[in-house]
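Here is how the chains run, residue by residue.
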Amino acid sequence: MALIKTIDTQKLSNWLKEGKKITILDIRPIAERNEWYIPNSIHINIYESLKSGNVQALDDVQIDNQIPVVTLCAGGNLSKFATEILASKGFDAYSLEGGMKAWNYAYDTAVLEFENFKIIQIRRVAKGCLSYIIGSGNKAIVIDASLDPSIYDTIAKTEGWKIDFVTDTHIHADYVSRTKDLANYSGAKHLMNSNASVSYSFTPLEDNELLKIGKIEIKVIHTPGHTWESTSYSIDNKVLLTGDTLFTDGIGRPDLKADEEEAIRKSTALYNSLQLINTFPDETLILPAHISQSIVIGQPIVAEKLKKLKKSIPALTFSVDNFVKSILSKLPVSPLNYLTIAEINKSGDIGDFIVADLEAGANRCAIK
């Protein structure tokens, strides 16, 4: 059989960013495909056939043999067999190293520039996790770090910024926060809402407190509901980073880590927080901590004006009773791995867990 070639996530990301013509062939079981996938990839239902060692599994696949093809599985093993078969047929074929678990850490960036500050949105494209570096003058703050600390440090240094502060909008349940690690890596001050119930030390933030970053001030706004410590960050009433309280396609779910009684109380708190957000100017740009879909590399920044969200998200116009009733009727089952991830983020200790396994799968923090 032909030599097996592989490609890492960085090179594949670069190809996609450059607009290189490639075919991404997803050979995972359909249930895994439905959970999360690379946008514009092609799925073929041959997992079991390949697993059984069938070298004819790809005989009927209709793809252009003049275009490089990257095969994708969960962990990067079975895709090597698919790549070997395609290479023997004359394709310029590659297996994605680490599979979808590795693609979980692929990222790109998008930028917003204002007169006195710049916002860089760092997007984990598979899960739709969004973190931010906000820089002004030669200072910066990082919010909701979800990738290796060196990534944020490198971006900041490229911009000429020193990271003074790091924080999370809340205790995340869908990914292991890297904010504590980033604080240690960069020497930045680790901030958290004073209501945060964690086992490590941090500098507490109070509601309406102002953070000085270069030429701007960032206002701290306590917006409980998704979690009790959930916090939003406002910059000059132009931009509002809402964490998991308000997304561009839904609102945060209030039931994670909560029994039914607490879910009702959190739903009421979430309603009040959204009503507070509704008082911001209509032109306020909402920047969330997640998006429900996988991100296409190079797509515009994930953001939306508040006035549009008021029209597209009905829950923002409900009465409190209808809001709570509607939210509780739509709650899906809480993913079991979320409980484990939340406990890791509370303790600040990963222990013996394999993070890539815990974080695998789509984001489940929103209600549409």
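Residues numbered from 1 in each chain as written. Predicted model: local features only at pLDDT ≥ 70, side-chain atom pairs only at ≥ 80, totals over all residues. Heavy atoms only, no water.

**Points about the overall build of the protein**
- Tallying secondary structure elements over the protein gives 12 helices and 20 strands in all.
- Its C-alpha atoms give the protein a radius of gyration of 22 Å, within 12% of the compact-globule value 21 Å for 368 residues.
- Taken over the C-alpha atoms alone, the protein extends approximately 65 × 50 × 40 Å along its principal axes.
- The proportion of buried residues among the 368 residues of the protein is 55%.
- The contacts of the protein with a sequence gap of at least 6 include a subset with a gap of at least 24, amounting to 63%.
- Split by element, the accessible area of the protein, about 15,700 Å² in all, is 48% carbon and sulfur.
- A distance of 4 Å separates the average location of the 39 positive side-chain charges in the protein from that of its 45 negative side-chain charges. (Helix = DSSP H or I, 4+ residues; strand = E, 2+ residues; numbered from the N terminus. Rg over C-alpha atoms; globule rule 2.2 N^0.38 Å. Buried < 20%, exposed > 50% of the residue type's maximum accessible area, 1.4 Å probe, protein only. Contact = heavy atoms within 4.5 Å. Areas by Shrake-Rupley, 256 points an atom, 1.4 Å probe, with all protein chains shown as cover. Lys, Arg positive; Asp, Glu negative; His and termini not counted. Charge placed at Lys NZ, Arg CZ, Asp CG, Glu CD.)

**Considerations on the sheet that holds strand 14 (residues 216-222)**
- Sheet architecture is open: 6 strands sit in the order 13-14-15-16-18-19, paired in mixed fashion. Unpaired on one side and paired on the other, strand 13 (210-213) and strand 19 (304-305) mark the two borders of the sheet.
- The pairing of strand 16 (residues 239-243) with strand 18 (residues 285-288) spans 4 bridges and is parallel. Within strand 18, the position partnered with leucine 240 by the bridge is isoleucine 286. (Pairing = 2+ DSSP bridges.)

**Side note on the environment of valine 320**
- As for its position among the elements, valine 320 is in helix 10 (residues 320-329).
- Valine 320 gets classed as partly exposed once you look at its relative accessible area, which sits at 32%.
- Residues valine 320 and alanine 74, spaced 246 residues apart in sequence, show a C-alpha to C-alpha distance of 43 Å.
- If near-sequence neighbours (up to four positions away) are discounted, valine 320 is found in contact with Thr268 and Tyr271.

**Points about the packing of aromatic side chains**
- Within the structure shown, the criterion is met by 3 aromatic pairs.
- Ring centres 4.5 Å apart and planes at 15° place the aromatic pair phenylalanine 114 and phenylalanine 117 in the stacked group.
- Since its relative accessible area comes to 4%, phenylalanine 117 is described here as buried.
- Directly above the ring of tryptophan 15 sits lysine 20, whose terminal nitrogen or CZ lies 4.9 Å from the centroid. (Phe/Tyr/Trp six-rings, centres within 6.5 Å; stacked < 30°, edge-to-face > 60°. Lys NZ or Arg CZ within 6 Å of the ring centre and 35° of its normal.)

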